[in-house]
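A look at the structure
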Amino acid sequence: MLELLWMIPFLPFAGFVILALFGHRIGDRMTAMIGAGSVGVSMVIAFVVGYNFLLSPPAGHSYTQALWTWMRIGSFSSGVSFYLDALSLIMVLVVTFVGFLIHLYSVEFMKEEQGYSRFFAYMNLFVGSMLTLVMADNLLLLYLGWEGVGLCSYLLIGFWYKDPANGRAAIKAFVVTRVGDASLAVSLFLLFTNLGTLNIQEIMGLASQRWTIGSGMAAAAAALLLGGAVGKSAQLPLQTWLPDAMAGPTPVSALIHAATMVTAGVYLIARTHVLFTLAPVVQTTVAVIGTATLLLASISALTQRDIKRVLAYSTISQIGYMFLALGVGAWSAAIFHFMTHAFFKALLFLGAGTVIMGLHNEHDMYKMGGLRKQLPIAFWSFLIGSASLSALPLVTAGFYSKDLILWQVWASDRGSILLWAGGLAGAFLTSVYTFRMLFLTFAGNATSQVARKPGPLMKIPLFTLAILSLIAGLVDIPNNLGNLPTFSEFLHSALPPAPMSHANPMIEGKLQFITSLLALIGIMFAYSIFVHSPQHTGRPEEIKRSPIAAAVHCFLFQGWNFDLLYDKFIVQPFVRVARFNKGDFIDFIYKGIAFVNRSFNRALSFTQSGKVRWYAAGLAIGAVILIGIAELL
Amino acid sequence: MEHGLILAGMLFSLGLVGVIVRRNIIFTLLSIEIMLNAAGLAFVVAGSRWGQADGQIIFIFILAMAATEVSVGLALLLQLYHKFKTLDSDAASRMRG
């Protein structure tokens with residue numbers, strides 16, 4: 001049954017082609033059937049393939065399906081071939097499953113929108129590209145999927161293109177991630193010139209043979225790959241595009257900017273983990289970037305008013321956790337957190353979408369409040385999602401994955417207590433901003449009337465994701481709570497376990513206790529500020545009373561003013577240079593050639609007077625000159 | 001010998017000046033005839049200088065060529081007059097660059 005692998009990305013692509021060609025003709029019902037159906041069938045096939053993979057693992061715990069040769073130039077050849085191992089199987093399952101649920105949700109959410117079929121066409125193209133990315137067996141095909149998801153992200157952020165602000169947000173996302181993409185492309189060139197292949201497994205094998213730990217070439221390759229991952233996953237210093245990407249429809253934010261595409265960087269690093277192991281400096285950088293990002297983003301999330309921007313900053317910070325895990329060698333913990341994060345963050349986004357839809361496109365949390373009674377389904381899904389995001393102990397999925405990361409950061413040979421403390425502070429901030437959002441939206445007195453309530457097609461995904469946000473963590477139960485690390489062990493066929501030679505298992509329970517306690521304190525803190533004494537809710541009009549507080553608030557609200565920084569030091573100098581060089585001085589050469597030619601043309605066409613007598617005179621003079629020359633010589 | 005060649009040169013120059021100066025196409029054709037005959041005269045003079053008949057043979061060729069040239073030229077002249085109602089060769093200058 002593993003031969004069905006090619007169908008998984010093929011079906012969404014087929015859906016895209018059909019919708020793109022005939023979408024305007026087949027009506028909304030048919031569009032929804034094709035759009036959601038293609039992803040649904042591909043999900044079923046993914047589960048069948050996964051079941052077979054688990055039941056009878058192929059030799060070497062990996063299966064390669066070569067479809068055709070894409071290009072062959074000299075010794076270089078790149079095929080369209082898919083590679084399935086534990087890592088890509090988990091990615092495929094999460095992408096198709098969450099993707100299908102979000103498609104289902106969109107069928108109802110996007111109803112009465114203009115461009116219904118355009119939306120589903122883009123979404124299908126996205127799922128197809130994302131599957132190509134995670135299943136590619138060589139870096140070139142991976143790069144194709146990588147660019148494909150970037151394109152779909154651009155198209156869907158700017159889905160409501162009639163508002164120029166959305167177009168600007170789309171361009172910003174595209175340009176900022178392009179910085180990372182360029183870095184990834186250079187790393188491909190570097191790997192090919194040094195190792196002579198782009199096949200990922202061959203690269204891993206050759207790299208560990210030819211390069212020693214700490215060699216400069218490995219560090220360069222890993223650093224360039226990291227550059228690509230940082231761009232796509234919105235990590236420091238390229239994180240500025242993700243909050244603005246919330247301009248797109250909410251299902252897009254749920255699918256692309258929370259569950260799948262932004263974690264492509266995590267996947268890339270996990271996929272090429274050998275290179276990072278060979279470059280310890282770069283690997284430490286990954287952990288430091290992750291920690292810094294998770295702290296910066298969660299502090300910014302505390303000040304946001306727009307419910308989707310809170311979630312965007314939270315996504316940045318949760319991916320920071322994944323980077324932190326990758327940086328200490330806890331590869332499977334990062335993938336575990338990717339999975340649980342996909343569930344609970346998609347749930348939170350879809351819940352936020354329900355609220356936004358109910359309140360006529362209102363994004364400002366201060367204008368919400370008291371929605372608990374009016375939108376119970378949104379409230380419960382939000383509560384479960386928030387609990388999972390803040391890693392409420394034992395009952396939520398987020399607890400198990402975040403705990404695994406923090407434990408391995410503490411215990412790994414590559415970890416350190418500073419990184420752990422950063423992660424811990426992030427856990428506290430996470431629960432504060434998450435419950436601030438929850439309380440502002442759902443607690444207190446009702447201030448507005450709900451216009452539209454979710455129907456069954458929106459409730460099913462919310463319900464499914466809510467259950468998964470609670471129980472998905474049980475696939476990997478930590479050492480001290482029963483010791484059933486099924487998920488990690490499954491991944492160990494593709495990713496090595498974290499190096500934990502000096503770990504003291506007795507301490508794991510204590511760390512769990514500290515983390516859980518901090519999360520609970522965070523919730524109490526948020527409760528005491530935003531529910532118990534709502535006069536200190538930090539509303540902007542109160543903050544403005546103190547100039548210092550207002551300045552700090554403004555600084556954090558704009559995401560640590562990174563945009564301003566980039567505008568001052570990159571955009572404006574660039575624009576100035578461009579304006580100075582408007583005429584493009586290299587063009588002078590070509591303009592000069594054109595000018596000389598045109599002058600000759602003018603001179604020669606002047607002699608073509610059309611008068612026979614002049615021609616005769618010309619002939620005579622020419623003959624005289626030639627004979628004169630012949631005589632003189 | 002020199003006298004013949006000088007005469008031929010003078011005739012040729014006169015013809016050339018005629019071609020360049022006169023705008024009436026009939027005079028242009030006449031001037032071309034003069035130039036051809038000047039060239040023929042040069043051949044005949046040169047032939048007599050070397051005691052060869054070739055110069056005279058070439059002159060007969062030139063005569064034949066001049067006859068065809070005139071017939072083509074007169075046909076062109078008729079067309080020109082038909083189109084422009086004038087014999088001014090400068091009037092037909094539509095193909096200037």
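Refer to the structure printed above.
Residues numbered from 1 in each chain as written. Chains lettered and ligands numbered in written order. Predicted model: local features only at pLDDT ≥ 70, side-chain atom pairs only at ≥ 80, totals over all residues. Heavy atoms only, no water.

**As for the interface of chain A and chain B**
Counting residues at the interface gives nine residues for chain A and 13 residues for chain B. Interface area lost by chain A to chain B is led by A:Q608, A:G610 and A:R613, which between them contribute 54%. The interface formed by chain A and chain B includes zero salt bridges. Between chain A and chain B we count two residue pairs in polar contact (both at pLDDT 80 or more) in total. Taken together, the residues that form the side of chain A that touches chain B break down as three nonpolar, four polar and two charged. (Contact = heavy atoms within 4.5 Å. Buried area = accessible area lost by both parts, 1.4 Å probe. Salt bridge = Lys/Arg side-chain N within 4 Å of Asp/Glu carboxyl O. Polar contact = N/O pair within 3.5 Å; in protein donor to acceptor, adjacent residues only side chain to side chain. Nonpolar A, V, L, I, M, F, W, Y, C, P; charged D, E, K, R; others polar.)

**Considerations on the layout of surface pockets**
The calculated volume of the largest pocket comes to roughly 820 Å³. As for the largest pocket, its lining consists of 32 residues, of which A:V612, B:I25, B:T28, B:L76 and B:S89 are closest to the centre. Those elements giving two or more residues to the lining of the largest pocket turn out to be α26 (612-632) of chain A together with α1 (2-21), α2 (25-50) and α3 (54-84) of chain B. Among the elements that line the lining of the largest pocket, the one with the most residues is α26(A), at nine residues. Looking at the lining of the largest pocket, its residues break down into 21 nonpolar, seven polar and four charged. Considered as a void within the structure, the second largest pocket measures approximately 500 Å³ in volume. Take the lining of the second largest pocket: its biggest share by element is five residues, from helix α3 (residues 86-109) of chain A. Residues belonging to the lining of the second largest pocket are distributed by class as follows: 16 nonpolar, two polar and no charged. (1 Å grid on protein atoms, 1.4 Å probe; cavity = no way out; pocket = protein on both sides within 12 Å on 5 of 7 lines; lining within 4 Å. Points joined across faces, edges and corners; volume = space filled by probe spheres on them. Helix = DSSP H or I, 4+ residues; strand = E, 2+ residues; numbered from the N terminus.)

**Let's talk about the side chain of A:Q408**
Within the secondary structure layout, A:Q408 lies in helix α17 (residues 397-411). Apart from residues no more than four positions distant in its own chain, A:Q408 is found in contact with A:V328, A:A330, A:A333, A:A498 and A:M500.

**Observations concerning the packing of aromatic side chains**
Between two aromatic rings, the relevant description is the distance of the centres plus the angle of the planes. All names here are of chain A. Evaluation of the coordinates by the stated rule reveals 21 aromatic pairs over all chains. Relative to F192, the ring of F76 lies with its centre 5.0 Å away and its plane at 85°, an arrangement referred to as edge-to-face. Placement of the pair is F76 in strand β2 (residues 76-85) and F192 in helix α6 (residues 164-195), with a sequence separation of 116 residues. Here F76 falls in the buried class, since its relative accessible area comes to 12%. Between R178 and the ring centre of F174, over which it is positioned, the NZ or CZ distance is 4.9 Å. (Phe/Tyr/Trp six-rings, centres within 6.5 Å; stacked < 30°, edge-to-face > 60°. Buried < 20%, exposed > 50% of the residue type's maximum accessible area, 1.4 Å probe, protein only. Lys NZ or Arg CZ within 6 Å of the ring centre and 35° of its normal.)

**Description of the pattern of salt bridges**
Residue and element names in this part refer to chain A. Evaluated as defined, the whole model comprises seven salt bridges over all chains. For E147, the salt bridge is made with R178, and the minimal N-O distance between the two is 2.6 Å. Here E147 is found in helix α5 (residues 139-157), whereas its partner R178 is found in helix α6, with 31 residues between them in sequence. You can call R178 partly exposed: its relative accessible area is 32%. Several salt bridges share partner residues, and in doing so they unite K172, D244, R309 and D563 into one network.

**Quick notes on helix α18 (residues 417-442) of chain A**
Residue and element names in this part refer to chain A. Taking 1.5 Å of rise per residue, the 26 residues of α18 would be expected to cover 38 Å, and the 37 Å separating its terminal C-alpha atoms lies within 8% of that figure. Judged by how many residues are buried, α18 sits mostly within the fold: 21 of 26 residues are covered. Immediately beyond the C-terminal end of α18, within one or two residues, lies G444, with a positive phi of roughly 80°. (Expected span 1.5 Å × (residues − 1).)

**Notes on the packing of helix α4 (residues 116-135) of chain A against helix α10 (residues 250-259) of chain A**
Residues and elements named next belong to chain A. One can describe the packing of α4 onto α10 by two numbers: an axis separation of 12 Å at closest approach and a directional angle of 5°. In this view, α4 runs roughly parallel relative to α10, as classed from their interaxial angle. Contacts from F119, M123, F126 and V127 of α4 reach α10 at P251, V252, L255 and I256. Each residue belonging to the contact of α4 with α10 can be placed in one class, and the counts come to eight nonpolar, no polar and no charged. (Axes fitted to C-alpha atoms, helices over the stretch in contact; angles between N-to-C directions. Parallel < 35°, antiparallel > 145°, perpendicular 65-115°, else oblique.)

**Describing helix α7 (residues 200-210) of chain A**
Those residues of α7(A) lying buried are A:I200, A:I203, A:M204, A:L206 and A:A207. Against α5, α6, α11 (264-271) and α12 (273-278) of chain A lie the buried residues of α7(A).

**Remarks on the environment of A:K162**
Topologically, A:K162 is positioned in the loop between α5 and α6. Only 3.4 Å separates the side chain of A:K162 from the side chain of A:Q114, close enough to count as a polar contact.

**Some thoughts on the environment of A:M437**
Residues and elements named next belong to chain A. Here M437 lies in helix α18. Residue M437 is classed as buried on the basis of its relative accessible area, which comes to 0%. The spatial distance from the C-alpha of M437 to the C-alpha of S386 is 8.9 Å, given a sequence separation of 51 residues. Ignoring anything within four residues of it in the chain, the contact list for M437 reads I307, V310, L311, M365 and F382.

**Considering empty space enclosed by the protein**
Residues and elements named next belong to chain A. Counted by the stated rule, this structure contains two cavities of 30 Å³ or more. In terms of lining, the largest cavity is formed by Q239, T293, L296, A297, S300, Y313, I316, G559 and W560. Of all the secondary structure elements, the ones that give two or more residues to the lining of the largest cavity are α13 (280-301) and α14 (307-327). With four residues, α13 is the single largest residue contributor to the lining of the largest cavity. Split by residue class, the lining of the largest cavity holds five nonpolar, four polar and no charged. There is about 30 Å³ of room inside the second largest cavity. Forming the boundary of the second largest cavity are G150, S153, Y154, A173, F174, T177, K232 and M261. Mapped by element, the contributors of at least two residues to the lining of the second largest cavity are α5 and α6. Here the lining of the second largest cavity is built from residues that sort into four nonpolar, three polar and one charged.

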